[in-house]
Number of protein chains: 2
Amino acid sequence: MKLIAKGKTKDLYELEDGNYLLKFKDDLTGEDGVFDPGANKVGLTIEGAGRSGLKLTKYFFEILKNKGIPTHYIDSNIEEATMTVKPAKVFGNGLEVICRYRAVGSFIRRYGMYAKEGQPLDAYVEITLKDDERNDPLITEDALHMLGILTRDEYRILKELTIKISNVIKEELAKKAIELYDIKLEFGRIDNNQIALIDEISGGNMRAYKDGKYIEPLELEKLILED
Amino acid sequence: MKLIAKGKTKDLYELEDGNYLLKFKDDLTGEDGVFDPGANKVGLTIEGAGRSGLKLTKYFFEILKNKGIPTHYIDSNIEEATMTVKPAKVFGNGLEVICRYRAVGSFIRRYGMYAKEGQPLDAYVEITLKDDERNDPLITEDALHMLGILTRDEYRILKELTIKISNVIKEELAKKAIELYDIKLEFGRIDNNQIALIDEISGGNMRAYKDGKYIEPLELEKLILED
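Rules and cut-offs
- Residues numbered from 1 in each chain as written.
- Chains lettered and ligands numbered in written order.
- Predicted model: local features only at pLDDT ≥ 70, side-chain atom pairs only at ≥ 80, totals over all residues.
- Heavy atoms only, no water.
- UniProt positions renumbered as here; feature names shortened; annotations may be inferred.
- Helix = DSSP H or I, 4+ residues; strand = E, 2+ residues; numbered from the N terminus.
- Rg over C-alpha atoms; globule rule 2.2 N^0.38 Å.
- Buried < 20%, exposed > 50% of the residue type's maximum accessible area, 1.4 Å probe, protein only.
- Contact = heavy atoms within 4.5 Å.
- Areas by Shrake-Rupley, 256 points an atom, 1.4 Å probe, with all protein chains shown as cover.
- Buried area = accessible area lost by both parts, 1.4 Å probe.
- Salt bridge = Lys/Arg side-chain N within 4 Å of Asp/Glu carboxyl O.
- Polar contact = N/O pair within 3.5 Å; in protein donor to acceptor, adjacent residues only side chain to side chain.
- Nonpolar A, V, L, I, M, F, W, Y, C, P; charged D, E, K, R; others polar.
- Axes fitted to C-alpha atoms, helices over the stretch in contact; angles between N-to-C directions.
- Parallel < 35°, antiparallel > 145°, perpendicular 65-115°, else oblique.
- Left-handed = near helix turned anticlockwise from the far one by under 90°.

Under an unreviewed UniProt entry, the name given to chain A is Phosphoribosylaminoimidazole-succinocarboxamide synthase, and the organism recorded is Tepidimicrobium xylanilyticum. As its UniProt record puts it under Pathway (unreviewed entry), chain A is described as follows: "Purine metabolism; IMP biosynthesis via de novo pathway; 5-amino-1-(5-phospho-D-ribosyl)imidazole-4-carboxamide from 5-amino-1-(5-phospho-D-ribosyl)imidazole-4-carboxylate: step 1/2." Listed under Catalytic activity (unreviewed entry) in UniProt, the entry text for chain A is "5-amino-1-(5-phospho-D-ribosyl)imidazole-4-carboxylate + L-aspartate + ATP = (2S)-2-[5-amino-1-(5-phospho-beta-D-ribosyl)imidazole-4-carboxamido]succinate + ADP + phosphate + 2 H(+)".

Take a look at the structure:
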């Protein structure tokens, strides 16, 4: 097993059979001890956060699998906080595809002149580049196309898959009276060049609210997975 | 004549006949005495800059008129540095529509991971909100539509008009062996709701280069308008 990359919240290893292993860490993105799914650095460490994020990821990836939505997920070991995944090739150096149901975070920082904090948005999808140095800049369909990062078809597929997946997560949360405000997904090409969801789906890449109050990642896992 | 608004580089007056008067000032956007067409504040003042910008604006607006492209231009008084224009209603609180032929400025600041400084771009159009407080954020077609700022049709028309107008300017500059790197346009609705080019076209809202060297706004006017 060979270490390929150390990420902010996960490390990536290559397995001998050609698959990969993601090791979930107890680090969360944020600033000065406050969690922020949109942040570009580790802001806090909570014991058990890695296993908790993996539990939710496993739960959601299995639901998506049953719905026939392609993902890189193979299996997971909660005790070890590891997930086995298929090899995937990202677009460019990696994109983040965001789906927004309410106006919060960077949406309000950009468009506060036209939107109120918390205002409903209709599954609005936008793409940012994974580029810490440049603060994950927003990018348009035209620029993605021009810079050779996505074809027009790939853009359309990513947008459709994002809405489909986000709606599944939104409905799952709604069963526990939790409201999904926004979610950040990553995609890559697996197997025969198929576009699939990669990375994770946990409290670490979404904003979920209950009774108008933001739910921290570990609390979200407990609320979703409790009987 | 009634003062309606004081802008960074122009003041706006309402005339008794319902038209408007733009008074070009000697202020240029930039920072610490260095001109930057993408800047959001006045960075320097040069005597004659207002008249110079107006001369170029008059020159380009008359060329566009002859090509049947709608603008708000009526006439101008170079001596007084004033331009009479039709009343126009902007989209939202105002948009800037940028057409890029080479990767410089904010394009490189955002997409430097995928583009080299000065790399050719194929008349790439992007829209930013006029919002000094939020540093004129980039906005996608989907967000413009969702926030009620532009319809899908208006977006398409703005993009087409922008490429058409920018290509005219690019060709005019090329006659003097000057290369247009990028240009920032503003649009509004005039007369019978027709979408028209408004504001100005001068060195103040474009980046032009000669022999690989950037040309300052006043120098650009001299190079274009000299015989």
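### Regarding the overall build of chain A
Helix and strand content of chain A: five helices and 16 strands. For a compact globule of 227 residues, the expected C-alpha radius of gyration is about 17 Å, and chain A comes in at 17 Å, within 12% of that figure. Taken along the three principal axes of its C-alpha coordinates, chain A extends 50 × 45 × 35 Å. The buried share of chain A, reckoned over its 227 residues, is 54%. At a minimum sequence separation of 6, the contacts of chain A that also span at least 24 residues come to 56%. Roughly 10,600 Å² of accessible area belongs to chain A as shown, and the carbon and sulfur atoms make up 46% of that amount.

### Brief notes about the UniProt feature "domain: SAICAR synthetase/ADE2 N-terminal" (unreviewed entry) in chain A
UniProt records the feature "domain: SAICAR synthetase/ADE2 N-terminal" (unreviewed entry) for residues 4–214 of chain A in the present numbering. Secondary structure content for residues 4–214 of chain A is 25% helix and 37% strand, while the C-alpha to C-alpha distance between its ends is 34 Å.

### Some details on the interface of chain B and chain A
At the junction of the two partners, chain B supplies 33 residues and chain A supplies 33 residues. Taken together, the two surfaces of chain B and chain A that pack against each other cover about 2,600 Å², and 65% of this comes from carbon and sulfur. Across the contact surface, chain B and chain A share two salt bridges. Note that Asp142 of chain A and Lys159 of chain B form a salt bridge whose closest N and O atoms lie 2.7 Å from each other. The tally of links between chain B and chain A comes to eight residue pairs in polar contact (both at pLDDT 80 or more). For the side of chain B that touches chain A, the elements supplying multiple residues, two or more each, are α2 (106–111), β11 (120–129), β12 (138–139), α3 (141–146) and α4 (152–174) of chain B. When grouped by side-chain class, the residues that make up the side of chain B that touches chain A number 19 nonpolar, six polar and eight charged.

### Things to note about the packing of helix α1 (residues 49–66) of chain A against helix α5 (residues 217–225) of chain A
Residue and element names in this part refer to chain A. Close contact between α1 and α5 brings their axes to 9 Å; oriented N to C, the two are set at 45°. It follows from the interaxial angle that α1 and α5 lie oblique. Crossing handedness for the pair α1 and α5: left-handed. Residues Ala49, Ser52, Lys55, Leu56, Tyr59 and Phe60 of α1 lie in contact with α5, whose contacting residues are Pro217, Leu218, Leu220, Glu221, Ile224 and Leu225.

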